Amino acid sequence: MTQTVITKKYYLFFPKSETEKPIVYNLVKNHNLIINIFRAKVSAQEEGYLSLDITGTPEDIARGLAYVQTFNVTISEMNKGMVWNREHCAQCGNCTAHCPTQALHVADPVSRRVAYSEEECIECMACLENCPYGACTSAY
Amino acid sequence: MEKSMTTEAGTTTLRTYDEINRKIESGKAVVLTAEEIIDFVDQHGLEEAAKQVDVVTTATFGPMCSSGCFLNFGHSTPRIRITEAWINDVMAYSGVAAVDVYLGATQLRHHDPANMYEVGEFRYGGGHVIEELIAGKELQLFALSYGTDEYPRRELRTYFTINDLNQAIMVNPRNCYQNYNVAVNCSAKRIYTYLGILEPHMGNMTYCSAGQLSPLLNDPWYRTIGVGTSVWLAGARGIVYAEGTQHASLAMRGENGVPQEGAGTLALTANMKEMRPEFVRGVSLKGYGVSLALGVGIPIPILDLDILKATCVRDADLYAHIVDYANDYPNRTGKTLAKVSYAQLRTGEVTLNGKTIPVSSMSSYHKAQEVAALLKDAITAGDFLLSEPSSLLPRQQGMKPLQMRGPSR
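About the cut-offs
- Residues numbered from 1 in each chain as written.
- Chains lettered and ligands numbered in written order.
- Predicted model: local features only at pLDDT ≥ 70, side-chain atom pairs only at ≥ 80, totals over all residues.
- Domains from an automatic or database assignment.
- Contact = placed C-beta atoms within 7 Å.
- Nonpolar A, V, L, I, M, F, W, Y, C, P; charged D, E, K, R; others polar.
- Pairing = 2+ DSSP bridges.
- Helix = DSSP H or I, 4+ residues; strand = E, 2+ residues; numbered from the N terminus.
- Buried ≥ 20, exposed ≤ 12 C-beta atoms within 10 Å, placed from the backbone.

**Considerations on the domain arrangement of chain A**
So, point 1. Each assigned domain of chain A is listed with its residue range as follows: domain 1 (6-77) and domain 2 (82-138).
So, point 2. Between domain 1 of chain A and domain 2 of chain A, the C-alpha centre-to-centre distance is 26 Å.

If you want it as C-alpha cells, here you go:
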C-alpha cells in the first residue's frame, strides 16, 4: 500500500530547558520524516526558534508532532517567523522582485495590491531589508 | 456651444474654471480618474468625452524626500527663543521666529549611526516623526536657547500632539516629479539607493512613478497645473505654491510631448491637521536614509480637447530611461542604458542586454488609485473646487549643475 507523502510547514518555539535536546534528529531517525529547516535561532536567553518544512505520511507527521509535544515546545502550523503587517504595507510592491518564491506578489494587474501567500514563504527575510515601511518583520 | 474661444494651443474652449466650479457646487460635475478616462475615450470617443467630462483626477503615492513642515508650538512661561530643537530626538531647524521650527523628512535621529557600521537601517527620522504627528501620537520636544531679556528660558522638554500646535503646515519644496529614472546596478557589488536595494549585475530593477495616473504625466506642458492650483495633499486641501526645486521642463520628451526623464516638479503646501495618516508614511531605505511617502491628487479641468487628449495617456505610451546607479548616476555621465515603457515595467520583468531582470516599484500604484478615487469623490460631492493657476510653470527651463570652484575641487 502506497501512502501519500505531504509537506507541512511548522514554526516551533523552544523554551530554555529544551534547547539542548536533539529533537530534530529524532524526528528524522525515529519518525521517517524529511526535515527542511528554513531558519533557526537560539536567543541570548537560550530560547530556540525553528521554522521548518516536515515531509512524510500524515501518520508519521502526526506521530512526530506527538513526540515533539512531549517536550515543552510550542508548535504553530504555517509560517509565523515572517510577519507581514497588512496595515503597515503601503502596497508599493518593492518587496515582490526580491521575494524568491513569490510569497509576496502583486495580487492582480488592475489593483496592483500586494498579497502574501504564507505557505510560499521560505523565511529568507529578503523582504525585511527591502520594505521601506517596516511592514515585514521577523518573529525572532 | 454657447461660447467659442480659442486657447493658446489653438483648440476650442470647452468650459471655463468658473463653469466647472458652478457644476461642482451644484453636484453635477462629471469626474473621472486618469485611469477611467482612458477606457471612457476608448468606448465613447474623444468628442463625446469632451462634451461630458469636466474633470480628470490624477494621483501619485511615493517617497518624496523634499518634504517637511513648519510647526508653531506656542509660547512657554517664561518664554524661549528656540535656537536648537529636537522632536523625538530628530533635529528641527529653528533659524526662524521664537517657537517656529521646520522639520525635514530626511533628517536622521540624533545618534543614528547612519552608514558608519556596514549598512545603516535608518529606522526612524523626520519622515517618521511627521507620520506620527499626523497619526495623533504624542511626541517629545526638546529645545535649547542662549536666553535673551525677553526670552529668558534656556531649556525646555515637553510632550505634545498635533492638536496642541497652533499651526502644522506641510511645506514641500519638491514633490510629484513628472517622471523618474529606472534604476539598475551594473557593478559587481550590491548597492543601496533611494530607489531601493539594487543587486549586482543587473539583478533587479526599480522605478518610481504612478505612470498613467501621475499628475504631471497627464499635463505634460503644465497647461492647468501651475502656481495656485488646488491639490489634494494627503487628504488636506492644499495648493501648488511654487515651481518645485529642480523643475527642468527642458527634458527629453517623446512624440507625445511627455518627458522621459525627471522634468517638472511641484512645490506643495497644506494644513497637516486635515491630513489622513494612511497617506503620510515615514520611509526607511536601507543604506540610504529616511524619507516621507505622500499621497497627492491633482484635478485636471477639461478646458479643451488638447488637455483631454493629454489625460488619455496610458502606461504603454509613457517611457522612462534605465540608468546605472553604480556608476552613471553618481558620476553624472549622462549615459542611459535603454528606454522602457511603464506598461513593460508593470509586467514585473524587463529584458536588457539579453538578461531578464525582475522589476519592482517604489511608488504605490494601488495607493495612487485610492487617492484618484478619493479626489474624484470629493469633487463629485461638491467638497473640492478647482482653482485657476495664478501663474504657469516654466516651460523652457533647464537645470544647472553645481560648478566646483576654489582650490579643493
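**Side note on the interface of chain A and chain B**
So, point 1. The interface of chain A with chain B comprises 18 residues on the first partner and 24 residues on the second.
So, point 2. Residues that form the side of chain A that touches chain B fall into these classes: seven nonpolar, eight polar and three charged.

**Remarks on the pairing of strand β2 (residues 34-42) of chain A**
Residue and element names in this part refer to chain A.
So, point 1. Pairing analysis gives eight bridges linking β2 to strand β3 (residues 48-56), with the strands arranged antiparallel. Counterpart to I37 in the pairing with β3 is L52.
So, point 2. The antiparallel pairing of β2 with β3 creates a hairpin that spans five residues between the two strands, and E46 there sits at a positive phi of about 65°.

**Brief notes about unusual backbone geometry**
Residue and element names in this part refer to chain B.
So, point 1. A cis amide bond links T77 with the next residue in sequence, P78, at an omega value of -10°.
So, point 2. Mapped onto the fold, P78 is located in the loop between β3 (68-72) and β4 (84-87).
So, point 3. One non-glycine residue, M202, lies in the positive phi region at around 55°.
So, point 4. With 21 C-beta atoms packed within 10 Å, M202 lands in the buried category.
So, point 5. We note that Y222 has phi near 55°; this positive angle belongs to a residue other than glycine.
So, point 6. Residue class for Y222 comes out buried when judged on the 23 C-beta atoms lying within 10 Å of it.

**Things to note about the domain arrangement of chain B**
Residue and element names in this part refer to chain B.
So, point 1. Its domain assignment divides chain B into domain 1 (68-169) and domain 2 (170-296 + 303-365).
So, point 2. Here the C-alpha centroids of domain 1 and domain 2 sit 30 Å apart.
So, point 3. Listed by partner, the interface residues are 24 residues for domain 1 and 22 residues for domain 2.
So, point 4. When contributions to the side of domain 1 that touches domain 2 are tallied by element, the ones reaching two or more residues are β3, α4 (126-134) and β9 (167-175).
So, point 5. Ranked by the residues each element gives to the side of domain 1 that touches domain 2, the list is headed by α4, at seven residues.
So, point 6. Per-class residue counts for the side of domain 1 that touches domain 2 are 13 nonpolar, eight polar and three charged.

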